[in-house]
Amino acid sequence: MNLTQEIINRKLDFVPSVVVSNGRIEIAEIGISINLMDDYIIADNKDFKNFMLDYSFPKNLELNKKDKAGFENALFPPIFVLKKKEYCQPKIACYLFNTHALKGQSNLNIRSITKYELMWAEYLVESKNDRRVNVKRVNSNGINGSISENYRYVYKSKSSDAKVLSNLRILNFEINDYVLAFYIFDNEQNSMSNIELEKFIDGIKN
């Protein structure tokens with residue numbers, strides 16, 4: 001298993017076009033628009049860099065030395081990040097992947113892709129769940145997708161002794177040859193309600 005190569009394989013050979021207008025985010029390459037929810041804004045480009053500087057990744061003892069040193073440098077920024085105006089969280093990081101990069105030659109459906117994503121997530125955020133995280137199907141305006149339950153982990157900061165019990169949910173939609181992926185982060189103090197989540201999903205349209 002080579003985590004570094006897995007991450008590199010996911011990077012597209014083009015930069016997706018993201019246009020924000022009239023309260024909507026449009027991704028031209030896949031013909032998708034996303035409603036910009038009330039109280040949410042697009043985060044500054046520095047947010048990803050600041051995260052990489054501050055977050056303390058799990059030790060991942062099973063990875064070889066080269067992979068441990070390489071995978072953090074291989075991580076690349078999302079095409080955009082949404083966050084609540086008043087707080088640092090909840091945050092929604094959006095990525096666009098080629099479907100082949102996630103499932104290769106296999107015939108995985110979108111629910112299986114999300115379950116597979118959860119296996120990789122443990123190298124980036126150490127699980128604090130006491131059972132396997134389940135994944136369910138979702139549909140937004142005719143677009144098939146899937147979402148995981150809360151994947152609980154502890155956010156550890158490099159710059160302080162802060163350890164914050166946090167959550168990650170993975171939301172994926174398969175659109176032609178692409179997977180539109182959302183990584184939803186929140187914590188106990190600033191959580192994303194089910195109403196907000198449903199509104200966000202309903203706002204994804206083709």
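Each remark here, short or long, concerns the structure printed above.
The notes below deal with the structure included here. No experiment lies behind these values; they were computed from the predicted model shown.

Basis of the calculations
- Residues numbered from 1 in each chain as written.
- Predicted model: local features only at pLDDT ≥ 70, side-chain atom pairs only at ≥ 80, totals over all residues.
- Heavy atoms only, no water.
- Helix = DSSP H or I, 4+ residues; strand = E, 2+ residues; numbered from the N terminus.
- Buried < 20%, exposed > 50% of the residue type's maximum accessible area, 1.4 Å probe, protein only.
- Contact = heavy atoms within 4.5 Å.
- Patch = residues over 30% accessible without salt bridge, like charges linked within 9 Å, V, L, I, M, F, W, Y side chains within 5 Å.
- Areas by Shrake-Rupley, 256 points an atom, 1.4 Å probe, with all protein chains shown as cover.
- Salt bridge = Lys/Arg side-chain N within 4 Å of Asp/Glu carboxyl O.
- Lys, Arg positive; Asp, Glu negative; His and termini not counted.
- Charge placed at Lys NZ, Arg CZ, Asp CG, Glu CD.
- Pairing = 2+ DSSP bridges.
- Polar contact = N/O pair within 3.5 Å; in protein donor to acceptor, adjacent residues only side chain to side chain.
- Axes fitted to C-alpha atoms, helices over the stretch in contact; angles between N-to-C directions.
- Parallel < 35°, antiparallel > 145°, perpendicular 65-115°, else oblique.
- Left-handed = near helix turned anticlockwise from the far one by under 90°.
- Nonpolar A, V, L, I, M, F, W, Y, C, P; charged D, E, K, R; others polar.

## Comments concerning the environment of S17
So, step 1. Of note, S17 is situated in the loop between α1 (3-10) and β1 (18-21).
So, step 2. S17 gets classed as partly exposed once you look at its relative accessible area, which sits at 30%.
So, step 3. On a C-alpha basis, the gap between S17 and E29 in space is 6.9 Å, while along the polypeptide they are twelve residues apart.
So, step 4. With residues near it in sequence (within four places) discarded, S17 still touches E26, I27, A28 and E29.

## Here's the deal with a positive patch on the surface
So, step 1. A cluster of like positive charges, contributed by K59, K128, K156 and K163, occupies part of the molecular surface.
So, step 2. Take K59: it is sitting in the loop between α2 (46-54) and α3 (65-74).
So, step 3. Given a relative accessible area of 70%, K59 falls into the exposed group.

## Overview of the pairing of strand β11 (residues 178-187)
So, step 1. Within β11, nine of the ten residues are buried, leaving the element largely enclosed by the surrounding structure.
So, step 2. As paired elements, strand β6 (residues 91-98) and β11 share eight bridges and run antiparallel to each other. Counted as the bridge partner of C94 is F182 from β11.
So, step 3. Relative to β11, strand β10 (residues 163-175) is paired through ten bridges, and the arrangement is antiparallel. Each bridged residue has a counterpart across the sheet, and for F173 the counterpart in β11 is L180.
So, step 4. A loop of two residues connects β10 with β11, the two strands running antiparallel in sequence, and N176 in this loop sits at a positive phi of about 55 degrees.

## Focus on the side chain of D186
So, step 1. Mapping D186 onto the fold places it in strand β11.
So, step 2. Within the structure, D186 has its side chain in polar contact with the backbone nitrogen of M192 (distance 2.9 Å).

## Quick word on the packing of α1 against α3
So, step 1. The interhelical angle for the contact between α1 and α3, taken along N-to-C directions, is 20 degrees, at an axis separation of 8 Å. Overall, the two elements α1 and α3 adopt an arrangement that is roughly parallel. Helix-helix and strand crossings are classified by hand; for α1 and α3 the assignment is left-handed. Across the interface between the two elements, L3, T4, I7 and I8 of α1 pack against D67, G70, F71 and A74 of α3.
So, step 2. Looking at the contact of α1 with α3 residue by residue, the classes come out as five nonpolar, two polar and one charged.

## What to know about the packing of α1 against helix α5 (residues 110-124)
Helix packing for two helices is described by the angle between their axes and how far apart those axes are.
So, step 1. As a packed pair, α1 and α5 sit with axes 12 Å apart at the nearest point and diverge in direction by 120 degrees. Classed by the angle they form, the pair α1 and α5 counts as oblique. Where α1 crosses over α5, the handedness of that crossing is left-handed. Residues L3, E6 and R10 of α1 pack against E117, W120 and Y123 of α5.
So, step 2. Taken together, the residues of the contact of α1 with α5 break down into three nonpolar, no polar and three charged.

## Digging into the sheet that holds strand β3 (residues 32-35)
Sheet strands pair by backbone hydrogen bonding; their relative direction is either parallel or antiparallel.
So, step 1. Read from one edge of the open sheet, four strands run β1-β2-β3-β12, paired in antiparallel fashion. Only two strands of the sheet have a single neighbouring strand rather than two, namely β1 and β12 (204-205).
So, step 2. Where β3 lies against β12, two bridges are found, and the strand directions are antiparallel. Bridging across to β12, S33 finds its partner in K205.

## As for the environment of Q5
So, step 1. Mapped onto the elements of the fold, Q5 is located in helix α1.
So, step 2. Each C-alpha atom of the pair Q5 and D67 lies 8.7 Å from the other, and the pair is 62 residues apart in sequence.

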